[in-house]
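Descriptive structure summary
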Amino acid sequence: METLQELVSRAATELIRRQPAAVFSGAGVSEESGIPTFRGDEGLWKRYSPALYGNIPGLALAYLIRPRKLAGFFQDILDTFLEASPNPGHLALAELYKMGLMGPVITQNIDDLHRLAGSPDVIELHGSLMRWRCLKCGSRKDVSREDLARIKEILSRPGTGRVALARIGRRHLPRCSKCKGSMRPDVVAFGESLPGQDYNRAVSEAQRCRLMLILGTSGIVYPAASIPIIAKRTGAVLVEINPEKGGLTEMADIFIQGTCGKVLPLLLAEAKRFAKEDS
Ligand code: BJW
Ligand code: ZN
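Attention in this report is confined to the structure presented alongside it. (Residues numbered from 1 in each chain as written. Chains lettered and ligands numbered in written order. Predicted model: local features only at pLDDT ≥ 70, side-chain atom pairs only at ≥ 80, totals over all residues. Heavy atoms only, no water.)

We now examine a nonpolar patch on the surface. A cluster of nonpolar side chains, contributed by Leu61, Leu64 and Ile65, occupies part of the molecular surface with about 280 Å² of accessible area. Relative to the helices and strands, Leu61 is located in helix H4 (residues 56-65). Judged by relative accessible area, which is 41%, Leu61 ranks as partly exposed. (Patch = residues over 30% accessible without salt bridge, like charges linked within 9 Å, V, L, I, M, F, W, Y side chains within 5 Å. Areas by Shrake-Rupley, 256 points an atom, 1.4 Å probe, with all protein chains shown as cover. Salt bridge = Lys/Arg side-chain N within 4 Å of Asp/Glu carboxyl O. Helix = DSSP H or I, 4+ residues; strand = E, 2+ residues; numbered from the N terminus. Buried < 20%, exposed > 50% of the residue type's maximum accessible area, 1.4 Å probe, protein only.)

Take the pattern of salt bridges next. Going through the model one piece at a time under the given rule, you end up with 18 salt bridges. When the shortest N-O distance is used, the salt bridge between Lys272 and Glu95 registers 3.3 Å. One end of the pair, Lys272, is in helix H12 (residues 260-278); the other, Glu95, is in helix H6 (residues 88-98), with 177 residues separating them in the sequence. Take Glu95: its relative accessible area is 31%, and that puts it in the partly exposed class. Here Lys232 and Asp253 are joined by a salt bridge, their closest N and O atoms 3.0 Å apart. Placement of Lys232 in helix H11 (residues 226-233) and of Asp253 in the loop between strand S8 (237-242) and strand S9 (254-257) is noted, with a sequence separation of 21 residues between them. In this structure Asp253 comes out as partly exposed when scored by relative accessible area, which is 37%. Here the salt bridges share partners, and the residues they tie into one network are Asp112, Arg115, Glu124, Arg131, Arg133, Arg140 and Asp186.

Let us now look at the packing of aromatic side chains. Tallied over the entire structure, the rule returns five aromatic pairs. Taken together, a centroid distance of 5.2 Å and an interplanar angle of 70° make the contact between Tyr48 and Tyr53 edge-to-face. Accessibility assignment for this pair places Tyr48 and Tyr53 in one class, buried. A network of ring pairs unites the aromatic residues Tyr48, Tyr53, Phe73 and Phe74 as a single cluster. Arg145 extends its terminal NZ or CZ atom over the ring of Phe81, reaching a point 4.8 Å from the ring centre. (Phe/Tyr/Trp six-rings, centres within 6.5 Å; stacked < 30°, edge-to-face > 60°. Lys NZ or Arg CZ within 6 Å of the ring centre and 35° of its normal.)

Okay, structure coming up:
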């Protein structure tokens, strides 16, 4: 069996040989930034059932039957999101981009951490918490971390029953600059379509790349999980980094068992060593 160093070395060799490269990432990449994954032991779905909190009709029902828990759900998400900053895994990817060895980061994450780390080309398949969408006219607007911190603070005030939640919605959530309509985070819940342009771009990047890194995803949520499958079908080598096997592991050419915060800096170091040897 290959050692971790041997696997990393093989992955770095492939990365240098097989350009252009792209990334497909999931919640595990941000786990070492303090954001729990969805399906792990400490995951979001362990505390909040996806049947209720993972889709819009469920959230509407939670508003009616469990308004305080719903407020807690939003508070928990905002809390971890606002506390988080990029970890060594995010930073290593940005550095690989600067070296010309990494292309776009196609992510399912909504936490903005790839961009904050310095990766300039991020395709957000499940949207972003930093962008809100008008329920009336569909216009989008960027919100700041300060806006989100203010919303979190308002939600944490005592007495967030139905009436209070509705008032917070009316008075304190972002309003559309065009039509003054109510807005919601521009993130994709179950049963909703992915942003078409972003999905199409992800498909064409998957068809173009010759190597794809699959990072920290269970690989079971579709259509996002079809992106590495498309890459594989069109000839890319797949390198997966994850402490556990998942829905895409069988297809991976190289599976490196470990966390992204640990393995990606090793991959970067190895790529730098090869680049130096070459020059
Ligand atoms: C580490 C680590 C470390 C830990 N380092 N690694 C039946 C079959 C097939 C499909 C369907 C079906 N029934 C319904 C569907 C469609 C559905 C779907 O795929 N469901 C499956 C789950 C069954 N998909 C949809 O509904 C999508 N839309 C759609 O299909 O539209 C068409 C349509 C239109 C109209 C009607 C019907 C269909 C939309 C999907 C939206 C996903 N949204 C979420 C939540 C967003 C935010 C929120 O609301 O809070 O996005 S769900 C959640 O899962 C989130 C993630 O982006 C997504 C993927 O999860 P991810 O990132 O893989 O996280 P985990 O927790 O699953 O895995 C973490 C991994 O990290 C693990 O592997 C760990 O080992 C690893 N890890 N620490 C590296 N340090
Ligand atoms: Zn509007």
